[in-house]
Amino acid sequence: MSDTPIGYEISAEAIIAEARRQEAERARDAILAAGPQTCGRFSYDPATGAITGPAEYMESEHYARRMAAITEGRDTVTSFGYSQHGDAIKAVLVSLQTDYAAWAGMRDFLNNFDGKGALAARPTSTTQPASEDKTHA
């Protein structure tokens, strides 16, 4: 009889790497099985990996900055959403929808005042300030 072991040795690192690969594969399969996800005006299609939404927003510098913050892990809405439910895709879609709503709302607000901003909405006063009132001097 031989004292030579049958089979081969595998390192703990290799076992951990394989477990992570299998976990990632299961997660990817679950996302594909769930199909497209939607939040407000934004959708994610796992088959293509594409996010779709309002073109005007998605072509803006505002969208580019938001996606950069999400990608770099600096977006608090995405981070909070992920910490609450563990779904990264849903967290990103919620963040984009939230940012889009603020972006679109501000554009509407500014457009309603012919681009003059919030000051245009204030009525002008016809009463002189006390420092300029000469009737009681």
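Scope of this entry: the structure provided in the associated data block. Since the structure is predicted, the reported quantities are computational estimates derived from the model, not experimental observations. (Residues numbered from 1 in each chain as written. Predicted model: local features only at pLDDT ≥ 70, side-chain atom pairs only at ≥ 80, totals over all residues. Heavy atoms only, no water.)

1. Regarding the side chain of Arg 66
So, point 1. Residue placement: Arg 66 occurs in helix H3 (residues 61–71).
So, point 2. There is a polar contact of 3.2 Å between the side chain of Arg 66 and the side chain of Asp 99. (Helix = DSSP H or I, 4+ residues; strand = E, 2+ residues; numbered from the N terminus. Polar contact = N/O pair within 3.5 Å; in protein donor to acceptor, adjacent residues only side chain to side chain.)

2. Focus on the sheet that holds strand S2 (residues 42–45)
So, point 1. Here three strands make up an open sheet; going across it, the order is S1-S2-S3 and the pairing antiparallel. On the outer flanks of this sheet lie strand S1 (37–39) and strand S3 (50–52), each paired with one strand and no other. When the angles between neighbouring strand axes are averaged without regard to direction, this sheet yields 15°.
So, point 2. In this structure, S1 lies alongside S2, joined through three bridges in antiparallel fashion. Bridge pairing in S2 links Thr 38 to Ser 43. (Pairing = 2+ DSSP bridges. Axes fitted to C-alpha atoms, helices over the stretch in contact; angles between N-to-C directions.)

3. A look at the packing of helix H4 (residues 76–85) against helix H5 (residues 88–112)
So, point 1. Packing of H4 against H5 leaves a shortest axis separation of 8 Å and a crossing angle of 140°. When the axes of H4 and H5 are compared, the crossing they make is right-handed. Contacts between H4 and H5 involve Val 77, Thr 78, Gly 81, Tyr 82 and His 85 from the former and Ala 88, Lys 90, Ala 91, Val 92, Val 94, Ser 95 and Thr 98 from the latter.
So, point 2. Taken together, the residues of the contact of H4 with H5 break down into six nonpolar, five polar and one charged. (Left-handed = near helix turned anticlockwise from the far one by under 90°. Contact = heavy atoms within 4.5 Å. Nonpolar A, V, L, I, M, F, W, Y, C, P; charged D, E, K, R; others polar.)

4. Comments concerning the nonpolar core
So, point 1. Membership of the largest hydrophobic core comes to 15 residues, with the highest contact counts inside it found for Phe 42, Tyr 57, Tyr 63, Leu 93, Leu 96 and Tyr 100.
So, point 2. Sorting the residues of this core by element identifies S2, helix H2 (55–58), H3 and H5 as the ones contributing at least two each.
So, point 3. The element best represented in this core is H5, accounting for seven residues.
So, point 4. Once residues lying within four places of it in the same chain are set aside, the contact partners of Leu 93 are Gln 37, Thr 38, Cys 39, Phe 42, Ser 43, Tyr 44 and Ile 51. (Core = buried A, V, L, I, M, F, W, Y, C linked by side-chain atoms within 4.5 Å. Buried < 20%, exposed > 50% of the residue type's maximum accessible area, 1.4 Å probe, protein only.)

5. Quick look at the pairing of S2
So, point 1. Side chains of S2 alternate between two faces, with Phe 42 and Tyr 44 buried and Ser 43 and Asp 45 left unburied.
So, point 2. Connecting S1 to the antiparallel partner S2 that follows it, the hairpin turn spans two residues, and Gly 40 within it adopts a positive phi of roughly 60°.
So, point 3. Here three bridges tie S2 to S3, and the two strands are oriented antiparallel to one another. Across the sheet, the residue bridging to Tyr 44 is Ile 51, located in S3.
So, point 4. The hairpin formed by S2 and S3 contains four residues between the paired strands, and Gly 49 there has a positive phi angle of roughly 75°.

6. Describing the pattern of salt bridges
So, point 1. This structure, assessed with the given rule, holds six salt bridges.
So, point 2. Residue Arg 21 pairs with Glu 25 through a salt bridge whose shortest N-O separation is 2.8 Å. Here Glu 25 and Arg 21 lie together in helix H1 (residues 12–34), a separation of four residues that amounts to about one turn.
So, point 3. Overall, the relative accessible area of 32% leaves Glu 25 in the partly exposed class.
So, point 4. The partner of Asp 75 in a salt bridge is Arg 66, and the shortest N-O contact between them spans 3.2 Å.
So, point 5. Here the salt bridges share partners, and the residues they tie into one network are Glu 18, Arg 21 and Glu 25. (Salt bridge = Lys/Arg side-chain N within 4 Å of Asp/Glu carboxyl O.)

As far as function goes, none of this settles anything; it's purely spatial.
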